[in-house]
Amino acid sequence: MKRNPGNILLLWLLSAAALWGETYRWEVLKAPESLRVGQSGVIRYTCTFEGSAANYTVEFKPQGSDAYRVQMLTQDDRIVKGRRVETFDVLVTPLRGGMIDLRQEALIRHTTFASIENATIGRDNVKKYDFNDEKTSLPAVGIRAEENSAALTGRITVEVKSDRPMVRAHEPFHLSVYVRGSGNLDQFVPYELNISGVTVFAEPPQKSITPASDGYEGEIRQEFALIAEKSYVIAPLRLRVFDTAENRIKELKTLPIHVEVSEGYEPSTLLDPPDLSDTSTLKRYALYAALVLGGAGIGEAVRRLWRLRPRRKIKYFWDEAKTSKELVLLLSLAGEKRYNEMIGLLEAGEIGLGEAKKRLASYSNRSE
């Protein structure tokens, strides 16, 4: 009996539907026909399922090549009229001229409801979800990449801000360069200033940029500090840009800056001896000397007055002793060991009453 090819195809479709449960379709909604080298454009892919496809997962990681660079820009997942539609915006940037044949792949992962139920309620011998994976090829995209000699591509401006262009010798002159707009700002090459007789200090560019539909948008700032002994001119800063709004190459150029450098303080002039033949100089130094001497005199006077200041006399318990015996009795009643030596000297008659009181006072002052 001869087999009917139509029946075989129908059987295959029914088997696939039973296996996967949902069918899906990939489309390219938009893509640039041509781009300049370095210019970025957006390719929009959609994956549309026949139903809600709640148990399906789409894994799509764009892959670049030596001819182009790609990166995921945005990803959106929503239900439209009962159908699940997942949208991917991919940013593509040609790296060389010629035709680009861009082919991407994605992974469709299907998890059965039985697997989810088993893993959720924790049935025996079930430790993880069961997946059925299918790798699918996305529709091919052809892009014509045109040559580009410009440093940057997009809608870009250059601005320079600086200090007042008048400084002293060896004083830094600050210069700021701003590159703003949208395009391939991530490919910005820092400026280098080479000026004869000028020492240039440059900071690495500070980039405040975020991904956009034509590459990156934001601002790049580069700071300079220039030091010189003589006046100099900062030549115009130039940047070749392919303007995507006007579709032509433009040269952005800033105005030249003339920096006037006045004479600063020379070390030799700071060390020159004073001219003593000048009357005003002598008067100035005489005033300095008088101030120094007056300060020294005031300090000495204060020191002497401090020594002569009235002091309150400290009263001790032994001051009432009229004789050596009374002093021995008072010291014995105090009951402190530090007085034993003094008591022994008084009893032996080696010192008198006045000398003993002086020694006792000096001991007390030292202990305090």
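Q: Whenever I open this one, the overall build of the protein chain confuses me. Can you help?
A: Helix and strand counts for the protein chain stand at 7 helices and 20 strands. The buried share among the 368 residues of the protein chain stands at 32%. Taking the contacts inside the protein chain whose residues are at least 6 apart along the sequence as the reference set, 67% of them involve residues at least 24 apart. Element-wise, carbon and sulfur atoms account for 53% of the exposed surface of the protein chain, whose accessible area totals about 24,600 Å².

Q: Can you walk me through the nonpolar core in this structure?
A: Generally speaking, a soluble globular protein has its nonpolar side chains buried in company with each other. Formed by 28 residues in total, the largest nonpolar core has its most connected members in L152, F173, V179, L226, Y232, I234 and V259. Of all the secondary-structure elements, those providing two or more residues to this core are β11 (152-162), β13 (173-183), β16 (215-228), β17 (232-234), β18 (238-243) and β20 (257-262). A per-element tally of this core places β16 first, with 5 residues. Listed in part, the 24 residues of the second largest apolar core include C47, V58, V92 and L138.

Q: In this structure, what is going on with a nonpolar patch on the surface? I would like to understand it.
A: Taken together, Y285, L287, Y288 and L291 make up a surface patch of nonpolar side chains, about 430 Å² in accessible area. Topologically, Y285 is positioned in helix α4 (residues 279-307). According to the relative accessible area criterion, Y285 is partly exposed, its value standing at 39%.

Q: I'm lost on helix α5 (residues 324-334) in this one. Help?
A: Structural remark: α-helix, 3.6 residues per turn; residues separated by three or four positions point the same way. By the burial criterion, the buried members of α5 are L327, V328 and L331. Taken down its axis, α5 places every buried residue within 100 degrees of arc, on the same side. Away from its buried face by more than 90 degrees, α5 exposes K325, L329 and L333. Where α5 terminates, the next one or two residues include G335, which has phi positive at roughly 70 degrees.

Q: Explain the sheet that holds strand β1 (residues 24-30) here, please?
A: The strands making up a sheet associate through hydrogen bonds between their backbones, and the pairing can be parallel or antiparallel. Strand order in this open sheet of 4 strands is β1-β3-β6-β5, and the pairing throughout is antiparallel. Edge positions in the sheet fall to β1 and β5 (68-80), since each has one partner strand and no second. In this sheet, adjacent strand axes meet at a mean angle of 20 degrees when their direction is disregarded. Pairing geometry for β5 and strand β6 (residues 83-94), over 12 bridges, is antiparallel. For V70, the partnering residue across the bridge sits in β6 and is V92.

Q: Explain the sheet that holds β20 to me, please; I cannot follow it from the model alone.
A: Strand order in the open sheet formed by 3 strands is β12-β20-β17, with mixed pairing between adjacent strands. What marks the edges here is a single partner per strand, and that holds for β12 (166-168) and β17. Each neighbouring strand pair of the sheet contributes to a mean axis angle of 30 degrees, computed without reference to strand direction.

Q: Help me out: how do you make sense of the pairing of β20 in this one?
A: Judged by which residues are buried, β20 turns out to be one-sided: I257, V259 and V261 face inward and are buried, whereas H258, E260 and S262, on the alternate face, are not. Judged from the 3 bridges that link them, β12 and β20 form a sheet pairing that is parallel. Bridged to M166 within β20 is E260. When β17 meets β20, the two strands line up antiparallel, connected through 3 bridges. Looking at the pairing, Y232 lines up with V259 of β20.

Q: What should I look at first to understand the side chain of H110 in this one?
A: Along the chain, H110 falls in strand β8 (residues 105-111). When its relative accessible area of 5% is taken as the criterion, H110 is described as buried. Polar side-chain contacts of H110 include one of 3.0 Å to the side chain of N55.

Q: Help me understand the packing of aromatic side chains in this model?
A: Each aromatic ring pair is summarised here by two numbers: the centre-to-centre distance and the angle between the ring planes. Scanning the model with the defined rule gives 7 aromatic pairs in all. Ring plane angle 85 degrees and centroid distance 5.7 Å describe the contact between Y45 and F60, whose orientation is recorded as edge-to-face. Highlighted residues: Y45 in strand β3 (residues 41-49) and F60 in the loop between β4 (56-59) and β5, separated in sequence by 15 residues. Classification of Y45 by relative accessible area gives buried; the value is 1%. A relative accessible area of 7% means that F60 is categorised as buried. An angle of 90 degrees between the planes, with centres 5.3 Å apart, marks the rings of F60 and F88 as edge-to-face. Of the two residues, F60 sits in the loop between β4 and β5 while F88 sits in strand β6, which places them 28 residues apart along the sequence.

Here is what the cut-offs are and how they apply
- Residues numbered from 1 in each chain as written.
- Predicted model: local features only at pLDDT ≥ 70, side-chain atom pairs only at ≥ 80, totals over all residues.
- Heavy atoms only, no water.
- Helix = DSSP H or I, 4+ residues; strand = E, 2+ residues; numbered from the N terminus.
- Buried < 20%, exposed > 50% of the residue type's maximum accessible area, 1.4 Å probe, protein only.
- Contact = heavy atoms within 4.5 Å.
- Areas by Shrake-Rupley, 256 points an atom, 1.4 Å probe, with all protein chains shown as cover.
- Core = buried A, V, L, I, M, F, W, Y, C linked by side-chain atoms within 4.5 Å.
- Patch = residues over 30% accessible without salt bridge, like charges linked within 9 Å, V, L, I, M, F, W, Y side chains within 5 Å.
- Salt bridge = Lys/Arg side-chain N within 4 Å of Asp/Glu carboxyl O.
- Arc of directions from axis to C-beta.
- Pairing = 2+ DSSP bridges.
- Axes fitted to C-alpha atoms, helices over the stretch in contact; angles between N-to-C directions.
- Polar contact = N/O pair within 3.5 Å; in protein donor to acceptor, adjacent residues only side chain to side chain.
- Phe/Tyr/Trp six-rings, centres within 6.5 Å; stacked < 30°, edge-to-face > 60°.

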